[in-house]
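Observations on the three-dimensional arrangement
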Amino acid sequence: MKDGSDLNQTDIILYDNNRVLSFQRLNKTDRGEYSCNISNPINSMEAKHVLVVNYGPENTQIKGQHHISLGDTFTLTCEAESEPPANFTWLLNGTEILNSPEYTKKNAEASDSGNYTCQAKNIITGRSSSSVHGVTVTERISNASITSSPKEAIEGNSVNLTCDAAGSVFTRKWMKDGSDLTQTDIILYDNNRVLSFQRLKKTDRGEYSCNISNPINSMEAKHVLVVNYGPENTQIEGQHLISLGDTFTLTCEAESEPPANFTWLLNGTEILNSPEYTKKNAEASDSGNYTCQAKNIITGRSSSSVHGVTVTERISDPSITSSPKEPIEGNSVNLTCDAAGSVFTRKWMKDGSDLNQADIILYDNNRVLSFQRLNKTDRGEYSCNISNPINSMEDKHVLVVNYGPENVQIKGQHHISLGDTFTLTCEAESEPPANFTWLLNGTEILNSPEYTKKNAEASDSRNYTCQAKNIITGRSSSSVHGVTVIVPSNCSGGCIAGIVIACLVIPGAAAAAGYFIYKKKANSKPQQKGTDKLQQPKQEDVNENTSTVYDNTSMVYENISTVYDNTCTVYENTSRVSEDTLRVYECI
């Protein structure tokens, strides 16, 4: 058995009645504890044997650094698979230096560089094996730096950046702003020691780094490449138009590295060395061409720009005046727009919108807005915006078109009951509002737009004339309104006669009416005895006899307006007048 288990190796032979266990070719895996159990019918016994398989040395290896820094301590360790363990011998470049599995060297020198060989030997197997380990003692990198040639790099010229360091330099790697180089116009030479720009551009500026390394250490040097250029794109910022008495400032700028120096000239005469020029209390003599000259002390180049300045008086006191002062419809009117200062442009508007009237003329560089024949529709708010490049101001003028009076009308009743109060109101279209005068049958009775009469009498039946007058236009207009005071049906004969006379304007009509009444009295029949009522006339007689009255009772006014309607109410007077029945028709 092996290690307590039945044998399962395939390369062993048992012979001489299992007395002999034979290994034809011993393997490392054959090692272990072998036991032999011997027995008979009386008893049994077991013998054990630990089989040690001697081998090696093999897989000899050296562990330790290959690159050693000058002055450092380094250790090399040799290992090998071997039974029994191997003995180790160290050789440096073929010369034996130590018998030990480990080699240590303090304060390494350049002479310690070389091939270290470790020889392993097994005293049982008589076999040996070796391994070689290269060691290089290297000086550490220090004092890394980048230098520029020439020192002041100028756009368009060539520039070299050189990367150097103390110690053993194995490799150099360049980068720009933390990234690999991408420029196509650069050349690396002298084992990457020199970075060369054939024709420098602004875009080449940035931070360049050079990483220097060897197997011991690495160092990085950085250099900010400043590309000196310009000046170019020189520009002046500031106002072109300055208000008289104001302060103005002109500022000069240019693209330049390093920043340019600036010199100001006014009309060719040097006035200041500064990027900014300020002038207080500007005068007319400050107008002119301001030249800014920019110069770069590194590139030796210069550039200039010219800026024109005009000192202008600010607009003030804008005004619109009307001529004549009181515009009248149908007449011509001029609106004149003036202001103090330097006036460059004028723009007229009406009620906040552009002018669209067809009958207006603008002349004298829009100073005068002329209406050839003023219309009511021309009224409104006119504004004149006066401007120059310094400022603008606006004045407004409300154009009032004076007109009228026209369309004079009297509002009020035509028929008034006896004793009532009546009011007549006069209206007219007029600007300014008209003054009103009332006339009764040609006689002035009141100056007011309204005429009121309390306790109307028959004598108030008249033609009322309202005269409207405009004190600005000097024009007047009038209207006539007929009023008739109506007597109630229970009036006396004299009252009735007064009503009839008041209703009839034309004397002939009054005479006809009197004649009609007279005829009625003469032809009326006597009152029957035993009754206190008047005999009722036939309806056809009444209609026939009253037609004459209505034919002559139309009122005639100045405006020839018809007063009476065709509908009349018949009142029956029950009082006795010469024993006749009198019928009076009141027209409403």
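In this text, all values refer to a predicted model and were calculated from it rather than measured experimentally. (Residues numbered from 1 in each chain as written. Predicted model: local features only at pLDDT ≥ 70, side-chain atom pairs only at ≥ 80, totals over all residues. Heavy atoms only, no water.)

**What about the environment of Val306?**
Condition: A run of H or I in DSSP becomes a helix once it reaches four residues, and a run of E becomes a strand once it reaches two; helices and strands are each numbered from the N terminus. Whether a residue is buried, partly exposed or exposed follows from its accessible area with a 1.4 Å probe, protein chains only, as a fraction of its type maximum: under 20%, in between, or over 50%, in that order. Two residues form a contact once any of their heavy atoms are found within 4.5 Å.
You can see Val306 is positioned in strand 28 (residues 302-312). On the accessibility criterion, Val306 (53% relative accessible area) is exposed. A C-alpha to C-alpha distance of 9.7 Å links Val306 and Asn267, two positions 39 residues apart in sequence. Not counting residues up to four positions away in its chain, the partners in contact with Val306 are Ile236, Asn289, Tyr290 and Thr291.

**Some thoughts on the packing of aromatic side chains**
Put simply, the test is: Aromatic contacts are taken between Phe, Tyr and Trp rings whose centres are within 6.5 Å, Trp giving its six-membered ring; a plane angle under 30 degrees counts as stacked, one over 60 as edge-to-face, and the others as tilted. A ring has a charge above it when a Lys NZ or an Arg CZ is no more than 6 Å from the ring centre and no more than 35 degrees off the ring normal.
Counting across every chain of the model gives 15 aromatic pairs. Judged by centre distance (6.3 Å) and plane angle (40°), the ring pair of Trp264 and Tyr277 falls under tilted. Of this pair, Trp264 sits in strand 24 (residues 261-266) while Tyr277 is found in strand 26 (residues 276-279), placing the two residues 13 residues apart along the sequence. Look at Tyr277 and you get buried, because its relative accessible area is 11%. If you follow Lys28 out to its NZ or CZ, it ends over the ring of Tyr55, 4.7 Å from the centre. A cation over a ring is seen here: Lys376 above Tyr403, with NZ or CZ 4.8 Å from the ring centre.

**Looking at the side chain of Thr473**
Counted only if it meets this: Each polar contact in these results corresponds to two N or O atoms within 3.5 Å; when the atoms are within protein, one needs to be able to donate a hydrogen and the other to accept it, and residues that are neighboring in sequence are counted only if both atoms are side-chain atoms.
Position of Thr473 relative to the elements: it lies in the loop between strand 43 (462-469) and strand 44 (476-486). Here Gly404 takes part through its backbone oxygen, which lies 2.7 Å from a polar atom of the side chain of Thr473. Residues in contact with Thr473, not counting those within four places in the same chain, are Ile328, Asn402, Tyr403, Gly404 and Glu431.

**Brief notes about the sheet that holds strand 41 (residues 443-447)**
Hydrogen bonds between backbone groups are what pair the strands of a sheet, and the pairing can be parallel or antiparallel. To keep things clear, this is the line we draw: The pairing criterion is simple: DSSP has to find at least two bridges between the two strands. Note on geometry: axes are lines fitted to C-alpha atoms, helical ones only across the stretch in contact, with angles between N-to-C directions running from 0 to 180 degrees.
Here five strands make up an open sheet; going across it, the order is 38-44-43-40-41 and the pairing mixed. The sheet is open, and its two borders are formed by strand 38 (415-417) and strand 41, each paired with just one other strand. Averaged over neighbouring strand pairs, the angle between their axes works out to 30° when direction is ignored. As judged from the four bridges shared by strand 40 (residues 435-440) and strand 41, these two strands associate in the antiparallel manner. Each residue of the ladder has a partner; that of Leu439, found in strand 41, is Glu444.

**Some remarks on the state of the cysteines**
What counts, and what does not: Cysteine sulfur pairs qualify as disulfides if the two atoms are within 2.5 Å.
A full pass over the atoms with the stated rule returns five disulfides. The disulfide partner of Cys78 is Cys118, and the S-S distance across this bridge is 1.8 Å. Measuring the twist about the S-S bond at about -100°, one finds the Cys78-Cys118 disulfide to be left-handed. A residue pair is termed long-range when its members are at least 10 positions apart, and Cys78 in strand 7 (residues 74-83) and Cys118 in strand 11 (residues 114-121) qualify at 40 residues. Comparing Cys78 with Cys118, the two get one shared label, buried. Put simply, Cys163 and Cys210 are joined by a disulfide, and their sulfur atoms are 1.9 Å apart. On the sign convention where negative means left-handed, the S-S torsion of about -85° between Cys163 and Cys210 marks this disulfide as left-handed. One end of the pair, Cys163, is in strand 14 (residues 159-166); the other, Cys210, is in strand 19 (residues 206-213), with 47 residues separating them in the sequence. Side by side, Cys163 and Cys210 carry an identical accessibility label, which is buried.

**What to know about the side chain of Thr437**
Looking at the element boundaries, Thr437 is found in strand 40. With residues up to four places along the chain from it excluded, the contact list for Thr437 reads Glu444, Leu446, Asn447, Thr465, Cys466 and Gln467.

**Quick word on the confidence of the model for the protein**
We count it as follows: Known as pLDDT, the predictor's per-residue confidence is scaled from 0 to 100.
Here the protein shows a mean pLDDT of 84. Residues at 70 or above account for 83%. Segment residues 495-588: pLDDT under 50, and 114 contacts once partners within four positions in sequence are set aside and those in other chains are kept.

**Some words on the pattern of salt bridges**
Heads up, the condition is: Any Lys or Arg side-chain nitrogen found within 4 Å of a carboxyl oxygen on Asp or Glu counts as a salt bridge.
Using the criterion set out here, one finds 18 salt bridges in the structure. Of the charged contacts, one joins Lys28 and Glu58 as a salt bridge, the two residues approaching to 3.0 Å between their closest N and O atoms. Linking Lys28 in the loop between strand 2 (20-23) and strand 3 (32-39) with Glu58 in strand 5 (residues 55-63), this pair joins segments that are 30 residues apart in sequence. On the basis of relative accessibility, which here comes to 33%, the residue Lys28 falls in the partly exposed class. Looking at Glu58, the relative accessible area reads 26%, which means it is partly exposed. Here Glu155 makes a salt bridge to Lys202, at a shortest N to O gap of 3.1 Å. Taken as a pair, Glu155 in the loop between strand 13 (142-149) and strand 14 and Lys202 in the loop between strand 18 (194-197) and strand 19 lie far apart in primary sequence, 47 residues in all. Judged by relative accessible area, Lys202 falls into the partly exposed class, the value being 22%. Salt bridges sharing partners connect three or more residues here, namely Glu155, Lys202 and Glu232.

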